[in-house]
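# Structure assessment
Spelled out from the first residue to the last, the chains are:
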Amino acid sequence: MELLRKWLGHPEDIYNLLRFKMGGYRAVMPRMDTVSGEGCAGGGMRFAVSGARCSRWAAGHGRMGSWRALHAVCIFYLVLRALDTVEDDMSIPLDVKVPMLHEFHSHLYQPDWKYTESKEKDRQVLEDFPTISMEFRNLSKVYQDVISDICHKMGVGMAEFLEKKVDSQHEWDKYCHYVAGLVGIGLSRLFSASELEDSIVGQDTDLANSMGLFLQKTNIIRDYLEDQLEGREFWPREVWSRYAKKLSDLAKPEKMDVAVQCLNELITNALHHVPDVLTYLSRLKNQSVFNFCAIPQVMAIATLAACYNNQQVFRGVVKIRKGQAVTLMMDATNIQAVKAIMYQYVEEIYQKIPSTDPSSNKTQQVIASIRAISLPSSSPMASRHHYSPIYLSCAMLLAALSWQYLSTLSKASEEYVPAGEN
């Protein structure tokens, strides 16, 4: 019954899910230009990608129009997945883990190096690291240099935050830079190195960093409860200490009002990256690269809109609907559409700003800056988000009745055998 209420409340989700299934996915994942004998089709690489559960990530989002670029991104992902597995493995003593993180990039050039003592779920990327490192060494030097450099910087950063918590907002930015901003910088450099994008995309590290920070801050904000249950703390002390003595106190029912105020302040902080995100995306020329970069960003703004002023963040999981996600995936295929989506969701946040919220003025100011650069045009995409629910409900009902009618006719025709036929 609850599911039915959700569908009736958002009939556009049904429409867009059907639209996606009936060919809308092609706009999200355009056909890749193939280069015979190259790319992720190699037997060893196929095994490594499958083992790391990277295939959906790379094949679903990373169709870049070039097998060389896709191959480099696959390797980049697997290397960072292996590095992250070392950081996450609590069974590795710190006196062992810190040197491993610092030296991890050097293992890319050691054919036989692997680690077989991990207890993490993704340990296969460490156990099969010789396959990954072999594929890495087969890349062009320009790709190797990018991946090795980012791996080194990330390992050093991860080691730095192993024994300390995130205190100031500056350290929050620094932590997010190490675990996500560097990913954005690395990918941007790969895009430019492959000549799929202009050199400025890889050179402007500030914008690429903001792309990563926006996604990472969104994840940290949304995952408050999950991280608390796992004993992790990533919200900056400088912010939450103004609302509670301990970060875990924000989940207490009697603290809910101040907890939401703390949440709103962090969301306001994250929104400051949106102008950089739009500037970065406006520079992209390759359609597949654009889709690859834009889809996570519009998912993030939708997630922040769902989390803003929402007590559920401290009680469970806040997720956007599947139909909503599919709509975003199909719509975020050009910069004007992305601007319209950003505008839509910051307006949604604006409508929920409590007048008594301590961050209300700052939230209104950052939303005003986003509005100024993302005013929606009169494009067909913008109008799709404002279908009347009653209209869509009627349309879906008519579609269902028509389908049932046609199915009945089809069945009747199959059962009818004309005279003279067996």
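Summary of the structure given here. Just so it is clear, the model here is predicted, and its values are computed rather than measured.

Now for the environment of S168. Counting through the fold element by element, S168 comes out in the loop between α9 (141-160) and α10 (169-193). The partly exposed category is assigned to S168, whose relative accessible area is 22%. C-alpha of S168 to C-alpha of V239: the two residues are 71 residues apart in sequence and 7.7 Å apart in space. At a separation of 3.0 Å, a polar atom in the side chain of S168 contacts the main-chain amide nitrogen of E171.

What the rule picks out here adds up to 1 cavity of 30 Å³ or more. Lining the largest cavity, in full, are K165, V166, E233, W235, R237 and W240. Here the residues of the lining of the largest cavity sort into 3 nonpolar, no polar and 3 charged.

For the rest of this paragraph, the subject is the packing of aromatic side chains. Under the criterion given, the structure shown has 11 aromatic pairs. Here the aromatic rings of F161 and Y178 are separated by 6.2 Å at their centres, their planes lie at 65 degrees, and the arrangement is edge-to-face. In this pair, F161 sits in the loop between α9 and α10 while Y178 sits in helix α10, placing the two residues 17 residues apart along the sequence. With a relative accessible area of 9%, F161 lands in the buried category. Residue class for Y178 comes out buried when judged on its relative accessible area of 13%. Between Y224 and W235, the aromatic rings sit 5.0 Å apart at their centres with planes inclined by 50 degrees, giving tilted as the arrangement.

Let us look at the packing of helix α12 (residues 205-222) against helix α16 (residues 274-282). At a minimum axis separation of 8 Å, α12 and α16 run at an interaxial angle of 125 degrees. It follows from the interaxial angle that α12 and α16 lie oblique. Along this stretch, α12 crosses α16, giving a crossing that reads as left-handed. In this structure, α12 uses L207, A208, S210, M211 and F214 to contact α16, whose residues at the interface are V274, D276, V277, T279, Y280 and L281. Looking at the contact of α12 with α16 residue by residue, the classes come out as 8 nonpolar, 2 polar and 1 charged.

With that out of the way, let us pick up the pattern of salt bridges. Throughout the structure, instances matching the rule amount to 19 salt bridges. Taking the shortest distance from any N to any O, the salt bridge between D149 and K153 comes out at 3.2 Å. In this pair, D149 and K153 are both assigned in helix α9, 4 residues apart and thus about one turn of the helix distant. Of the charged contacts, one joins D173 and K217 as a salt bridge, the two residues approaching to 2.6 Å between their closest N and O atoms. Taken together, the residues D173 in helix α10 and K217 in helix α12 connect sequence positions 44 residues apart. Owing to a relative accessible area of 29%, D173 belongs among the partly exposed residues under this scheme. Taking relative accessible area as the criterion, K217 reaches 1% and is therefore assigned buried. Connected via shared salt-bridge partners are E160, K164, E171 and K174.

What follows deals with the side chain of D357. One can find D357 in the loop between α19 (335-351) and α20 (360-373). The buried charged residue D357 lacks any salt bridge partner; its closest oppositely charged side chain belongs to K362, at an N-O distance of 9.9 Å. With residues near it in sequence (within four places) discarded, D357 still touches Q261 and N264.

On to the environment of M158. Counting through the fold element by element, M158 comes out in helix α9. Between the alpha carbons of M158 and E87 there is a distance of 7.0 Å; along the sequence they are 71 residues apart. For M158, the residues in contact, after removing those within four places along its chain, are L83, D84, E87 and L101.

The next point concerns the nonpolar core. Side chains of nonpolar character tend, in soluble globular proteins, to be buried together. Judged by nonpolar contacts, the single largest core of 114 residues is most densely connected at W235, L250, L271, Y280, L281 and F314. Looking at which element gives the most residues to this core, the answer is helix α17 (residues 287-307), with 14 residues. The residues that make up this core include at least three from each of domain 1 (47-55 + 62-164) and domain 2 (200-376). In contact with L250, other than residues within four places in its own chain, are Y224, W235, W240, Y243, A244, K255, M256, A259, C262 and F314.

What counts, and where the lines are drawn
- Residues numbered from 1 in each chain as written.
- Predicted model: local features only at pLDDT ≥ 70, side-chain atom pairs only at ≥ 80, totals over all residues.
- Heavy atoms only, no water.
- Helix = DSSP H or I, 4+ residues; strand = E, 2+ residues; numbered from the N terminus.
- Buried < 20%, exposed > 50% of the residue type's maximum accessible area, 1.4 Å probe, protein only.
- Polar contact = N/O pair within 3.5 Å; in protein donor to acceptor, adjacent residues only side chain to side chain.
- 1 Å grid on protein atoms, 1.4 Å probe; cavity = no way out; pocket = protein on both sides within 12 Å on 5 of 7 lines; lining within 4 Å.
- Points joined across faces, edges and corners; volume = space filled by probe spheres on them.
- Nonpolar A, V, L, I, M, F, W, Y, C, P; charged D, E, K, R; others polar.
- Phe/Tyr/Trp six-rings, centres within 6.5 Å; stacked < 30°, edge-to-face > 60°.
- Axes fitted to C-alpha atoms, helices over the stretch in contact; angles between N-to-C directions.
- Parallel < 35°, antiparallel > 145°, perpendicular 65-115°, else oblique.
- Left-handed = near helix turned anticlockwise from the far one by under 90°.
- Contact = heavy atoms within 4.5 Å.
- Salt bridge = Lys/Arg side-chain N within 4 Å of Asp/Glu carboxyl O.
- Lys, Arg positive; Asp, Glu negative; His and termini not counted.
- Core = buried A, V, L, I, M, F, W, Y, C linked by side-chain atoms within 4.5 Å.
- Domains from an automatic or database assignment.

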